[in-house]
Amino acid sequence: MRVVLGIWRWRHNPLRRTTDLVEAWLAVLVAALLVLGAPAAGWLSGAALESSLQRTVAAQQHDRQESRAVLVADARQRGQVGFFDPESAAAQNADTRVIARWTTSGDVKHVGTVTAPRAHLKAGDTFSIWTDTRGRQVPPPISGDVAHFHAVFSGITATLLAAALLLGAWRLAVWRLVRQRYKRLDRQWAQVGPDWGRTGTGS
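This one's a predicted model, so the numbers in the text were calculated from it and none came from an experiment.

**Q** So what exactly am I meant to see when it comes to a positive patch on the surface here?
**A** On the surface, Arg176, Arg179, Lys183, Arg184 and Arg187 cluster together to form a positively charged patch. The topology assignment puts Arg184 in helix H3 (residues 144–192).

This is the structure:
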């Protein structure tokens, strides 16, 4: 408020140039947008993503169920190709493809190739898998907390991007105002410069 009052009093200053007043009001506008506009943009972005992700969470939790699968055989023993190279050391501790049987809601039994959470499993071992309504293996549903985290992160990112765009636009506008001042000064100097220092100039 003090800044606005200062600008209001400064408007009649004889040394004040139009570009000075424009720059001052532009700074006030950018400051207000940084304080109010950028957070509002971030909140709107985060709220929109939160709503979308929570709908996805609800749909996935409704359509997906956790089932217990029983290992029948390693998929590589049936000539199947796993997700990872068996020669890789990392593959020994990574998920692996196996032949398993599992039962879904309605007591529907399934047998097929699925991804097991551990590579070192023996026939008869059980492990958890997530399946859709048709009994096919799918990734676990997104949790509400994970969705909320992504929405908050998106909101913060949107706020920072909006602030960066505002500051970039402000710097560009100030640069153009400074160039305009220099051009005006050059034109004035071109008119006064040839007679500078001469006796009686301006009399």
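Let us keep going from here.
**Q** Just checking my understanding: could you explain the pattern of salt bridges for this structure?
**A** Side chains that differ in sign of charge can pair as their charged atoms come close. With the rule as written, the count across this model stands at one salt bridge. The salt bridge involving Asp132 is made with Arg136; its shortest N-O contact spans 3.1 Å. The class of Arg136 is partly exposed, set by a relative accessible area of 45%.

**Q** I'm lost on the packing of aromatic side chains in this one. Help?
**A** Here a ring pair, both rings aromatic, is described through the centre-centre distance and the interplanar angle of the planes. Scanning the model with the defined rule gives one aromatic pair in all. For the pair Phe149 and Phe153, a centre-to-centre distance of 6.4 Å together with 20 degrees between the ring planes defines the contact as stacked. Residue Phe149 and its partner Phe153 are both found in helix H3; the two are separated by four residues, about one turn of the helix. The class for Phe149 is exposed, based on a relative accessible area of 54%. A residue is classified by how much of its surface remains accessible, and Phe153, at 52% relative accessible area, is exposed.

**Q** Mind showing me how you'd approach the side chain of Thr131 here?
**A** By the secondary structure assignment, Thr131 is in strand E4 (residues 126–131). Setting aside residues no more than four positions away along its own chain, Thr131 makes contact with Asp63, Arg64, Gln65, Ser67, Trp102, Thr104, Arg136, Gln137 and Val138.

**Q** Looking at this structure, I do not really get the nonpolar core. What am I missing?
**A** As a rule of thumb, nonpolar side chains are buried together in soluble globular proteins. Counting ten residues, the largest nonpolar core is built from Ala69, Leu71, Val98, Ala100, Trp102, Val114, Ala116, Leu121, Phe127 and Ile129. For this core, the secondary structure elements donating two or more residues are strand E1 (65–74), strand E2 (96–104), strand E3 (108–116) and E4. With three residues, the top contributor of residues to this core is E2. Contact partners of Trp102, with chain neighbours within four places excluded, come to Ser67, Arg68, Ala69, Val108, Lys109, His110, Val111, Gly112, Val114, Ile129, Thr131 and Gly135.

Criteria and cut-off values
- Every chain begins its residue count from 1, and numbering advances along the sequence as written.
- For this predicted model, a pLDDT threshold of at least 70 governs which residues receive local features, and a threshold of 80 or more governs which side-chain atom pairs are given and counted, while totals over whole chains, interfaces and linings are taken from all residues.
- Side-chain measures were taken over the full set of non-hydrogen atoms in the model, leaving aside hydrogen atoms and water.
- In this scheme, patches are assembled from residues that exceed 30% relative accessible area and form no salt bridge. Like charges are connected within 9 Å, while nonpolar side chains (Val, Leu, Ile, Met, Phe, Trp, Tyr) are connected within 5 Å.
- Here the Shrake-Rupley method, with its probe set to 1.4 Å, supplies the accessible areas, and only the displayed protein chains count as covering residues.
- Throughout this description, the term salt bridge denotes a Lys or Arg side-chain nitrogen within 4 Å of a carboxyl oxygen of Asp or Glu.
- Only four residue types enter the charge count: Lys and Arg as positive, Asp and Glu as negative, with His and the chain ends excluded.
- For charged residues, the charge sits on one atom: NZ in Lys, CZ in Arg, CG in Asp, CD in Glu.
- Secondary structure elements follow DSSP: runs of H or I of four or more residues count as helices, runs of E of two or more count as strands, with numbering from the N terminus.
- Partly exposed describes any residue whose relative accessible area lies between the buried limit of under 20% and the exposed limit of over 50%, with all areas from a 1.4 Å probe on protein chains only and scaled to the type maximum.
- Only rings of Phe, Tyr and Trp enter the pairing, Trp through its six-membered ring, and a pair is recorded when the two centres are within 6.5 Å. The plane angle decides the type: under 30 degrees is stacked, over 60 is edge-to-face, the rest tilted.
- Contacts are residue-level and defined by heavy atoms, with any inter-residue pair within 4.5 Å sufficient.
- Definition of nonpolar core: a set of buried residues of the types Ala, Val, Leu, Ile, Met, Phe, Trp, Tyr and Cys, connected through side-chain atoms within 4.5 Å.

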